[in-house]
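Observations on chain architecture
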Amino acid sequence: MKQKLFKFLAALAAGLIAGFSLFTCQHSVQPSVNSSGNIKWVDFDVTYEALEQTMELDIQTYDQQPHISWIDSLAYLGAKYGGDFSKYDQTDLEPFVSHLQSGQKLEDFTKDYKYFPYYKKAYGAVLNGFLGYFKREVPNEDGSGETHWVEQYGLKGFFPLAEGYHYTHADDFGKPRSYGYSRKHLGHDLAAATGTPVVAAEGGIIEAIGWNQYGGWRIGIRSFDKERYYYYAHLQKDHPYVENLYVGQSVTAGQVIGYVGQTGYSLKENTNNIDTPHLHFGMQLVLDEEAKDSPNQVWIDLYALTKLLSHHTSEVVPDGEEYVRRYQFSEESYFLASAKEELQQTQNLENSQPQESDTAQDPRQQVRLPVLMYHSLLKDPAMQNSYVISPKLFEQDLKYLKKHGYTSILMSDLIAYVENGRPLPEKPILITFDDGYYNNYLYAFPLLKKYQEKAVISIIGKETDKDSRSGGSHATYSSLTWEQVQEMAASGLVEIQNHSYNCHKNTGGRNGVKRKSGESRQAYDRFLKKDLSKLQTKIQDATGTAPSTFTYPFGAVSRSSLKTIKKLGFKASLGCEEGINTIKKGDLDSLYFLKRCLRTPEKSSARFFETMGKK
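The following refers to the structure shown. (Residues numbered from 1 in each chain as written. Predicted model: local features only at pLDDT ≥ 70, side-chain atom pairs only at ≥ 80, totals over all residues. Heavy atoms only, no water.)

1. Overview of unusual backbone geometry
- Here the amide bond leading from Q65 into P66 is cis, since omega sits at 0°, within 30 degrees of zero.
- Looking at where P66 falls in the secondary structure, it is placed in the loop between helix 2 (48-60) and helix 3 (70-81).
- Phi at S500 is positive, roughly 90°, even though this residue is not glycine.
- Tracing the sequence through the fold places S500 in the loop between strand 25 (494-498) and strand 26 (506-507). (Helix = DSSP H or I, 4+ residues; strand = E, 2+ residues; numbered from the N terminus.)

2. Some remarks on the nonpolar core
- Ranked by internal contacts, the top residues of the largest apolar core, which has 81 residues, are V42, L51, L127, Y232 and L305.
- Every residue in contact with L51, bar those within four places of it in the chain, is listed here: F44, V46, W70, L74, L127, A304, L305 and L308.
- Formed by 42 residues, the second largest nonpolar core is a distinct cluster that contains Y374, L378, L535 and F609. (Core = buried A, V, L, I, M, F, W, Y, C linked by side-chain atoms within 4.5 Å. Buried < 20%, exposed > 50% of the residue type's maximum accessible area, 1.4 Å probe, protein only. Contact = heavy atoms within 4.5 Å.)

3. Quick notes on the pairing of strand 6 (residues 188-192)
- Of all 5 residues that make up strand 6, 4 are buried, and the element is covered over most of its length.
- Pairing of strand 3 (residues 167-169) with strand 6, which is carried by 3 bridges, proceeds in the antiparallel orientation. Residue pairing for strand 6: H169 is matched across the bridge by L190.
- Direction of pairing for strand 6 relative to strand 13 (residues 278-285): antiparallel, over a ladder of 4 bridges. Within strand 13, the position partnered with L190 by the bridge is L279. (Pairing = 2+ DSSP bridges.)

4. Looking at helix 10 (residues 411-420)
- For helix 10, the buried fraction is high: 7 of the 10 residues fall into the buried class.
- Three or more residues of helix 10 are buried, namely M411, D413, L414, I415, A416, Y417 and V418.
- Directly after helix 10, the chain includes G421, whose backbone phi takes a positive value near 75°.

5. Side note on the packing of helix 11 (residues 438-451) against helix 13 (residues 482-490)
- Where helix 11 contacts helix 13, the two axes come as close as 10 Å, and the packing angle between them is 35°. Read as a crossing pair, helix 11 and helix 13 show a hand that is left-handed. Here helix 11 contributes Y438, Y441 and F445 to the contact with helix 13, which in turn contributes Q484, E487 and M488.
- The class makeup of the residues in the contact of helix 11 with helix 13 is 4 nonpolar, 1 polar and 1 charged. (Axes fitted to C-alpha atoms, helices over the stretch in contact; angles between N-to-C directions. Left-handed = near helix turned anticlockwise from the far one by under 90°. Nonpolar A, V, L, I, M, F, W, Y, C, P; charged D, E, K, R; others polar.)

6. Considerations on the pairing of strand 24 (residues 455-459)
- The element strand 24 is extensively covered by neighbouring structure, given that 5 of its 5 residues are classed as buried.
- Burial along strand 24 is two-sided: the face carrying A455, I457 and I459 and the face carrying V456 and S458 are both buried.
- As judged from the 4 bridges shared by strand 23 (residues 428-435) and strand 24, these two strands associate in the parallel manner. Bridging across to strand 24, D434 finds its partner in S458.

7. Thoughts on the pattern of salt bridges
- A complete count under the given rule lists 24 salt bridges for this structure.
- Note that E395 is salt-bridged to K450, the shortest N-O span being 2.9 Å. In this pair, E395 sits in helix 9 (residues 391-403) while K450 sits in helix 11, placing the two residues 55 residues apart along the sequence.
- Given a relative accessible area of 17%, E395 falls into the buried group.
- Taken together, the shared-partner salt bridges connect E207, R222, E289, K292 and D293 into one network. (Salt bridge = Lys/Arg side-chain N within 4 Å of Asp/Glu carboxyl O.)

8. Considering the environment of D362
- As for its position among the elements, D362 is in the loop between helix 8 (334-350) and strand 18 (366-369).
- With 63 residues separating them along the chain, D362 and P425 place their C-alpha atoms 9.2 Å apart.
- Discounting chain neighbours no more than four positions away, the residues touching D362 are Y417, G421, R422, P423, L424 and K585.
- Within the structure, the side chain of D362 is placed 2.9 Å from the backbone nitrogen of L424, a separation counted as a polar contact. (Polar contact = N/O pair within 3.5 Å; in protein donor to acceptor, adjacent residues only side chain to side chain.)

9. Quick look at the sheet that holds strand 17 (residues 329-330)
- Judged by pairing direction, the sheet is antiparallel, and its 3 strands sit side by side in the order 2-1-17 without closing on themselves. A single partner strand is all that each edge strand has here, and the edge strands are strand 2 (147-155) and strand 17.
- Of the strand pairs in this sheet, strand 1 (residues 131-139) and strand 2 are connected by 9 bridges, and their pairing is antiparallel. Counted as the bridge partner of R136 is V150 from strand 2.

10. Here we look at the environment of Q255
- Its place among the elements puts Q255 in the loop between strand 11 (250-251) and strand 12 (256-259).
- A relative accessible area of 19% means that Q255 is categorised as buried.
- Along the primary structure Q255 and G203 are separated by 52 residues, whereas in three dimensions their C-alpha atoms are 8.3 Å apart.
- Those residues in contact with Q255, other than ones at most four positions away along the chain, are V198, V199, A200, L245 and R325.

11. Brief notes about the packing of aromatic side chains
- Following the criterion strictly, the structure yields 34 aromatic pairs and no others.
- Here the aromatic rings of Y133 and Y153 are separated by 5.1 Å at their centres, their planes lie at 70°, and the arrangement is edge-to-face. Residue Y133 is located in strand 1, and its partner Y153 is located in strand 2; the two are separated by 20 residues in the primary sequence.
- By relative accessible area, which is 47% here, Y133 ends up partly exposed.
- Note on Y179 and Y214: the rings are 5.6 Å apart at their centroids and 75° apart in plane angle, and the pair reads as edge-to-face. Here the residue Y179 occupies a position in the loop between strand 4 (176-177) and strand 5 (183-184), and Y214 occupies one in the loop between strand 8 (204-212) and strand 9 (216-223), the gap between them amounting to 35 residues.
- What links up through ring pairs into an aromatic cluster is the set F44, Y81, F85, Y88, Y118, Y119 and Y123.
- Above the ring of Y48, the side-chain terminus of K307 is found at 4.7 Å from the ring centroid. (Phe/Tyr/Trp six-rings, centres within 6.5 Å; stacked < 30°, edge-to-face > 60°. Lys NZ or Arg CZ within 6 Å of the ring centre and 35° of its normal.)

Set out below in structure tokens:
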């Protein structure tokens, strides 16, 4: 790695310039800062060459000490040039790198450089979402059609047009526009054929979708850290977006979100009034939430950054009337990363001394584990059946468990026992809900919080998508929304697992995810991977954690599915066969096809638990 770094620095210049002073340049532009010290304006004219070279330096040193952050490098150069990167000379990076590698701390040799903190904050606001760790799916080299996941550090932002589609662009930021009123162009246009798939440059939350007289069909996506608002406009007439997009939905970097068109410049919806089909790609910095929609918006010239993103494109394939990414991509949730950082800080303070629990092992080689299976909770006795019980009965069950010494656990607890011997409570029990009904949130969740009990809820992705769009909140038939999923998962009492994206049905010769008669192994694997991976990604985006457990719809199990679900990262699975499980420490296979006890309404809590698992 050091050889690579030396070669890189040699490419920057023939050698260090003797006697070069780090602090020789005067600032030509005074940065704009408000009275509280927060930045209120950013002029981002960093060149492509500066972006590329500082990014490569960042990537090449990521596993070294010191790791030379591209934002630190650019902040140094920005402070040196007064923000004017027309002065950029690649040799100017050498003193910066030399000081860091000599062991000098960044804050020590920049403390007298007045505007370094400003440029670090300003350039970080633009670039924080583009470089980091991620996982990507890649095809096996043996030509088998199988894939595997690799983890790496690098450019994780995506070019906003799908791979392989022709486009042209120029530096058009600030050019005059006259439709409606005289103004400047505050985005970057990429001319491409109508229907070219548009992908999200960075993951985030959809904040706006629909018609705008200037941008036509457009979509606005806010980065997870809330600092960047991406604007994709002039999308295709009649088919501007992929199916099932809605305000509040999270999207991943590289995900197809829409299609290039030429709509806009009209008060009338769905009108083509743009001469040339193109994507308007914009980035607004949200430095002050109250100013987001004010006349003082801060928009960024994306020409150089778009050139950089062209090194990372998303390959897409047709899927019915839509296009979808061919290979999956995953990065750690911003919210989860923030929570981990806070937790680490707390642990550093509280756990300065080794704790007994750090190395504790459960002495038992196996445990007896009942798994309870609930579905829906409704108050109306007329609606109750084998899959619907009353909230009152569920509360009585929780009281019974508490009184008789049972402790509810999550699948993550069970997996940790098997894999690492982490101790389980004396009488562990799993409480599971299938299908992800809204009434789980309405009735079960408050009771779980009241009694501090834990539960596993396995959701059907398509139903959660549908009710997230419609805002459904009917106790009888609505499903959970992604917002409710996030809230429950964040409580620490509920674990969200995968019940398939759209396989909770018995159609076309397939019952749930069961293998069809005569279906080839390859075709079956493709079917499982397509459906289950889709929901894995959605749940990880919503909660920060990918499901560890697959819950078979209807309990329709194909033993041939085991290899595939293991490859997809599932460490356990839930079936519907009645019985009590024996879980063995170190026996990973004991986590699959777990038996459960269906909770029906006709028995009291005492009678049900006395007879559970008995036929």
